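Here is what each chain is made of, one letter per residue.
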Amino acid sequence: MSLRAEELMARQRPSFDEITRLVEVSSTIAVCAHTSPDGDALGSELALVELIESRWPEKRVCALLADDDVVPRIYEFLPGAERLVRAADYHEDPDLFFCVDLSAPDRLADARAVLERSSHVAVIDHHPSAARFWDAGVVRTEAAAAGVIVAEYALHVAGGLTPTMAQCLLCALVTDTGRFQYQNANGEAFEVASLLVDSGASPSEVALHVYQSDRVAYLHLCATVMGRITTFEQGKIAYSYATDADFEATGVPVAECDGLVDIVRRVDGCEVALFLKQVPGGKVRGNLRAKSDRDISAIAREMGGGGHPAAAGFTVEGDIDQALSAVLPKLRALYAHDKGTVPLSCYVGDKPAEG
Ligand code: 5GP
Ligand code: MN
């Protein structure tokens, strides 16, 4: 273990011990991640469930899905994915509700009712959180993925990881760092990745399922999204979108479109990438990404969402045009102070200049 890892473990130990105390006094435990679960949410949750069950076999542990969102196809390979239960179908009052990869109760959707029925709450997360609602937890925003902290907790309580836990956590880490390409891919992330591979995780298997198993229909949707990329502010802001009609025409379920913002961020010179998609219930979901050090999480919060400085999201009522007219002026305001040197009418892209 490196000096950094040892220091980090020493700092986390008291909080890890508090979490362990809660686990030990609980008979029933519900573990849950955020709505619209991604690789970190699912991988961290499944690894944590396996850890608790193997370390404390007498506990009754349930792996919950926050709502009726299906497990995205690319994550079905995760060991344990078949045992996820929708929160609406879980009727117990657990002794412990364990949130992972989220620390904002509004992202719990239907599982919020389970949280409210529980006696205690534990959290392992890496999102900035507004207010503490848990009894014990570790929330470290500099951790690349919640899975990093779950791996460290496993080392702390069990001294190691099984190959299946390692595989779930490698998926968490690979996806939340964009294959170790985002700004959050720090030394700790690489160190934990090395530990996971040494514990039996397979990077090629994760890559095969997550990045090399696209259906042709999905690639056709990608082509549509690519064809619509529009840029503003001299190419610094790029956005694209997908509508109900696109999902219908291609036959791709909305839940399988998490990666489309990554197509937008590929634009050379773009600093802020936005992807909008229509989701059921007359709403639009937005994914925001920053390639520079501009913090887009405040804009996500203004839109009713949240997230990290470089990766955030939101959901709003209305259609794509309405969402775009709400969020675009906020993004362009990020560049307002640059306007001295940039003519207001100077835009790149296929949309007419505006505002
Ligand atoms: P994504 O765009 O991939 O859905 O989310 C990017 C990041 O922002 C993730 O870490 C996600 O958990 C967080 N995030 C996305 N949407 C929301 C939201 O509506 N509320 C909050 N608090 N965080 C969000
Ligand atoms: Mn995460």
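Quick summary incoming for the structure in this document. (Residues numbered from 1 in each chain as written. Chains lettered and ligands numbered in written order. Predicted model: local features only at pLDDT ≥ 70, side-chain atom pairs only at ≥ 80, totals over all residues. Heavy atoms only, no water.)

Let us look at the packing of helix α1 (residues 3-24) against helix α6 (residues 187-198). Two quantities define a packed helix pair, namely the angle between the helix axes and the distance between the axes. Where α1 meets α6, the closest approach of the two axes is 11 Å, and the angle between their N-to-C directions is 95 degrees. Taken as axis vectors, α1 and α6 run roughly perpendicular relative to one another. Counted together, Arg4, Ala5 and Leu8 of α1 and Gly187, Glu188 and Glu191 of α6 form the full contact between these two elements. Among the residues forming the contact of α1 with α6, the class breakdown is two nonpolar, one polar and three charged. (Axes fitted to C-alpha atoms, helices over the stretch in contact; angles between N-to-C directions. Helix = DSSP H or I, 4+ residues; strand = E, 2+ residues; numbered from the N terminus. Parallel < 35°, antiparallel > 145°, perpendicular 65-115°, else oblique. Contact = heavy atoms within 4.5 Å. Nonpolar A, V, L, I, M, F, W, Y, C, P; charged D, E, K, R; others polar.)

Next up on the list: the site of ligand 1. Around ligand 1 sit 13 residues, and of these Arg107, His127, Arg285, Asn287 and Arg289 come closest. A distance of 2.6 Å separates an oxygen atom of ligand 1 from a polar atom in the side chain of Arg107. With respect to ligand 1, the backbone of Gly306 contributes an N or O atom lying 3.2 Å from a nitrogen atom. Computed on the free molecule, ligand 1 has an accessible area of 490 Å², of which 84% lies beneath the protein chains in the complex. If you list the elements that add at least two residues to the shell around ligand 1, you get β10 (283-290), β11 (306-307) and β12 (311-317). (Near = heavy atom within 4 Å. Polar contact = N/O pair within 3.5 Å; in protein donor to acceptor, adjacent residues only side chain to side chain. Areas by Shrake-Rupley, 256 points an atom, 1.4 Å probe, with all protein chains shown as cover.)

This part is about the nonpolar core. Formed by 60 residues in total, the largest nonpolar core has its most connected members in Ile19, Phe98, Tyr153 and Leu196. Those residues in contact with Ile19, other than ones at most four positions away along the chain, are Phe98, Ala122, Val123, Ile124, Ala136, Gly137, Val138 and Tyr153. In this structure, Val272, Ile296, Ala312 and Ala323 belong to the second largest nonpolar core, which totals 24 residues. (Core = buried A, V, L, I, M, F, W, Y, C linked by side-chain atoms within 4.5 Å. Buried < 20%, exposed > 50% of the residue type's maximum accessible area, 1.4 Å probe, protein only.)

Mapping Gln167 onto the fold places it in helix α5 (residues 163-176). In this structure Gln167 comes out as buried when scored by relative accessible area, which is 5%. With sequence-adjacent residues up to four places away left out, Gln167 is seen in contact with Phe77, Leu78, Pro79, Ala201, Ser202, Glu205 and Val206.

Looking at the manganese ion (ligand 2), the protein donor atoms are Asp40 (OD), Asp101 (OD), His126 (NE2) and Asp176 (OD), and they sit 2.1 to 2.3 Å from it. Donor residues binding the manganese ion (ligand 2) come from one chain and are separated in sequence as D-x60-D-x24-H-x49-D. Here the residue Asp101 occupies a position in the loop between β4 (96-100) and α3 (112-117), and Asp176 occupies one in helix α5, the gap between them amounting to 75 residues. For Asp101, a relative accessible area of 1% translates into the label buried. (Donors = N, O, S within 2.8 Å, 3.2 Å for Na, K, Ca; no water.)

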